[in-house]
Structures are given as C-alpha cells and as structure tokens.
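# Chain and residue survey
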Amino acid sequence: MFGQIKMVITILLIAGIAGAGMYVMKLRSDNAILKANQHKLETAITEQNKVLKQQKEDFTAILESNKKLNVLINTFKKDLQDLDKRFTKKNRDIGKLAIDRTGAIERIINKGGVNAARCIELASGAEHTDAELKATLKSEINPECPALANPSYVPYQ
Amino acid sequence: MYHINKIFALALIVLLTGCSIGGEKKIKIFSVEKPREKLDYPMPTALQLEELKWIIITSENAQEVFAKLEAAGIDPVLFGVTDKDYQVLSRNFAQIRQKLQETNNLLKEYKKYYEPEDKE
C-alpha cells in the first residue's frame, strides 16, 4: 500500500517537473519571440527616423534648388531686356548710327561679339578668370551677361 | 527502487532544461544597405569659341571694304544681315546661351541632389 502511494507521488512529481519544464521552455520561446519583435520594432523606428530626417533634408534641398533656378530665370529675363534696351535706348537706331559712325559701331559690334562668345563659354561651364571674378565696376564687366560673368558686380541703382 | 526513481527524476529534469542551459540564443538581424551605383558622368567640357570679325558695310564704304578684302587676299564676298536682323541674331544667341546655362545648371543641381559627394 505504502509502496503504491510512493509510486503515485513519484509519478506526480515527475509529471509536475515535466510540465514545469515544458512551461519554462514555452516561456523562453515566447521571450525569444518577443525580444525578436522588439528588436524589429526598434530597427523599424530607427529606419523611420532616418527616412524622416532624409525627407526633411531632401525637402530643404529641393526648395533651395528651386529658389536658385527661379533667380536664374529672372536674371535671363533681365539680360534680354538689357539687350533690347541697348539697341533701342532713347529711340536709338543702330542702322542709322552705323551709317553715321561706321568705324565706331564696327568696333562696338565686334567687342560685343567677343563678350557674347565669352558668355556662351561661361554658360557651357568654362572657369571664370580672376579679372571676371573681381570685376565690380561697370567698365570692368561683361555687359552681355554680367550676372553670369561677374558675380561680384552689383548693378548701380 | 527509490534510488532509481530519484535518478530518473533528476535525469528528466536535466533533459527538460538542458536546451535552455546558458540562456536562449539572441536573434541578430542584419540589414545591409547597398546604394545604387553612381552614374558619375563628368560635366560637359566647356566650349572654346573662335573669334569672328563683323564688318559693317554701307553704300558709302562698300567699295573700300571690298578693296581691303581683296588686298588682304580674302574673297571679296560678304554674308550680310540688316540692322534689324542683327538685333534678332543677338537675341537668338542670347537665348541659346541662356538655354545652355539653364541646362548646365539643371545638370549640376540633379548631380548635387542624386549624387552628392559626401554620400556613399
């Protein structure tokens, strides 16, 4: 009788230990899954923060670039207006001027041609010369494209 | 019999907990970001234009101009534009130059945005 009770207690003990062991194993497995999930979440948050930071930087860069291009387009308009003004200022007629002062106009036209060619070179990416960079006076600038050729030049008001 | 049971119980405990000795292995997740290769074209070479000479010819100086050309060994022929067409030509060239500048600028901006120097 006593032997049977011992047997039952032993079986119960073994079953209890086995159950506890399995439960611990399940807990450890759950813990591992939760840790992996947490790690994934933390990684996702870091990634999201990185993406948000990059988006902010990109947005600023796009705004800056748009601003620069708008300034450039406005400069183009002004350059074309200035060119028209040079031909038509005070009812100027360069045809008549060329008849009256052929030599002088020829020199002006040729100088203008050289300046315009230099503007095209600069627009295509040529390096500025020191003289072009330092020019601040009206007499020193390239009047065909001052904004492009002479970045230090501030037009007189 | 009692000792056998004890040994059996102990063996069972070791067997059941053996897998977790030393703690569970940590899961390591690697994410390696491989950026797209840069196109990295160099900027277009700047133009180097040749100089050309404009000659103004009027009804009064025409003979003199042609005589000078002949004396210099140049064919006495000129390709002409009127004063109005000269203005048109100037405007056209100014527009071509602006378009060139705009395109070059756009290229620089795209390069700066998509292929910045410091980013790898």
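To start, this report covers the structure provided alongside it. (Residues numbered from 1 in each chain as written. Chains lettered and ligands numbered in written order. Predicted model: local features only at pLDDT ≥ 70, side-chain atom pairs only at ≥ 80, totals over all residues. Heavy atoms only, no water.)

## As for the interface of chain B and chain A
Counting residues at the interface gives 48 residues for chain B and 52 residues for chain A. Of the roughly 4600 Å² buried where chain B meets chain A, counting both sides, 65% is carbon and sulfur surface. On inspection of chain B and its partner chain A, the count reaches four salt bridges. A salt bridge links A:Glu106 to B:Lys53; the shortest N-O distance between them is 3.6 Å. Applying the counting criterion to the chain B and chain A interface returns twelve residue pairs in polar contact (both at pLDDT 80 or more). The residue makeup of the side of chain B that touches chain A, split by class, is 22 nonpolar, 14 polar and twelve charged. (Contact = heavy atoms within 4.5 Å. Buried area = accessible area lost by both parts, 1.4 Å probe. Salt bridge = Lys/Arg side-chain N within 4 Å of Asp/Glu carboxyl O. Polar contact = N/O pair within 3.5 Å; in protein donor to acceptor, adjacent residues only side chain to side chain. Nonpolar A, V, L, I, M, F, W, Y, C, P; charged D, E, K, R; others polar.)

## As for the packing of aromatic side chains
Summed over the entire model, instances satisfying the criterion amount to four aromatic pairs over all chains. Summarising the aromatic geometry, the rings of B:Tyr113 and B:Tyr114 are spaced 4.8 Å apart at their centres and angled 80° between planes, so their arrangement reads as edge-to-face. For B:Tyr113, a relative accessible area of 29% gives the class partly exposed. Taking the relative accessible area as the measure of exposure, B:Tyr114 reaches 59% and is therefore exposed. Aromatic ring contacts, followed pair by pair, group A:Phe87, B:Trp54 and B:Tyr86 into a single cluster. (Phe/Tyr/Trp six-rings, centres within 6.5 Å; stacked < 30°, edge-to-face > 60°. Buried < 20%, exposed > 50% of the residue type's maximum accessible area, 1.4 Å probe, protein only.)

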